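Results of the structural survey
Listed here are the chains, written in short residue letters.
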Amino acid sequence: MSKLILILAAQILLLTTIASAGDGGDFASTMNPERLHNKEKLTHLRVYWHDIRSGQNPSSIMIQPPVKKYSSTYFGSITMMDNKLTSGVSINSTVVGQAQGFYAGAAQPELGFLMAMTFAFKTGEYNGSTITILGRNTVLSEVREMPVVGGSGIFRLARGHVELRTKLFDKKTGDAIVEYNCFVLHY
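The protein chain is annotated in an unreviewed UniProt entry as Dirigent protein from Raphanus sativus. The protein chain has a UniProt comment under Subunit (unreviewed entry) that states "Homodimer."

The following block contains the structure:
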């Protein structure tokens, strides 16, 4: 009987502790920046993004077609992607990660996409780390730029930008290879 009372008393104490921890007190606190043990670093990554829309296993699939009136600019279209990121231009180069997200036709008079994607790295020291990119991509421009808005793993608290250059575009299939130069500030 004394064991049962001891177990009940321990459970009541545990429940009281849990209940008092969630009493609606402070939900945020200011952290000392000295807790960021390393100084900020700039990492440059060059990867090749393979947007494959053709064949039996496309990496990009249009899930919403464009508004008919704007079919030449893809306005209103939405495409989901799970594209390979490689170390070289060739699709047979070493796969270093995946670009997962979507792009949507967001410009009426020109070919321009809103892109939201995460680069999930799978090799070397960056294995398991990600960067998130969100921005406007006017694909017919020679060089485009989009911001890096965050990251995880090694790239926690990341910010920066990516510069894009199309290396190959097949008008017949819609397949594209784009060079991404990523400049990432992180701790």
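Still to come is the rest of the account.
1. Quick word on the nonpolar core
Soluble globular proteins tend to pack their nonpolar side chains together in the buried interior. Within the largest apolar cluster, 26 residues are counted, with the highest numbers of intra-cluster contacts made by Trp49, Met115, Met117, Phe119, Ile131 and Tyr180. Among the elements that make up this core, the one with the highest residue count is strand β5 (residues 113–121) (five residues). In this structure, Phe119 is in contact with Val47, Trp49, Leu85, Gln98, Ala99, Ser129, Thr130, Ile131, Ile133, Tyr180 and Cys182, ignoring residues within four places of it in sequence.

2. Observations regarding a nonpolar patch on the surface
The grouping of Ile61, Ile63, Ile78 and Met80 at the surface amounts to a nonpolar patch, some 340 Å² of accessible area in total. Listing elements by their share of the nonpolar patch, those giving two or more residues are β2 (60–64) and β3 (78–86). Inspection of the secondary structure assignment puts Ile63 in strand β2.

3. Let's talk about the packing of aromatic side chains
The geometry of an aromatic ring pair is captured by two quantities: the separation of the ring centres and the angle between the planes. Applying the stated criterion across every chain, the model contains ten aromatic pairs. Ring plane angle 55° and centroid distance 6.3 Å describe the contact between Trp49 and Tyr103, whose orientation is recorded as tilted. Note that Trp49 is positioned in strand β1 (residues 41–51) and Tyr103 in strand β4 (residues 95–105), a separation of 54 residues in sequence. For the residue pair Trp49 and Tyr103, the accessibility class agrees, reading buried in each case. Among the aromatic residues, ring-to-ring pairing joins Trp49, Tyr74, Tyr103, Phe113, Phe119, Phe121, Tyr126, Phe155 and Tyr180 into one connected group.

The rules behind these values
- Residues numbered from 1 in each chain as written.
- Predicted model: local features only at pLDDT ≥ 70, side-chain atom pairs only at ≥ 80, totals over all residues.
- Heavy atoms only, no water.
- UniProt positions renumbered as here; feature names shortened; annotations may be inferred.
- Core = buried A, V, L, I, M, F, W, Y, C linked by side-chain atoms within 4.5 Å.
- Buried < 20%, exposed > 50% of the residue type's maximum accessible area, 1.4 Å probe, protein only.
- Helix = DSSP H or I, 4+ residues; strand = E, 2+ residues; numbered from the N terminus.
- Contact = heavy atoms within 4.5 Å.
- Patch = residues over 30% accessible without salt bridge, like charges linked within 9 Å, V, L, I, M, F, W, Y side chains within 5 Å.
- Areas by Shrake-Rupley, 256 points an atom, 1.4 Å probe, with all protein chains shown as cover.
- Salt bridge = Lys/Arg side-chain N within 4 Å of Asp/Glu carboxyl O.
- Phe/Tyr/Trp six-rings, centres within 6.5 Å; stacked < 30°, edge-to-face > 60°.

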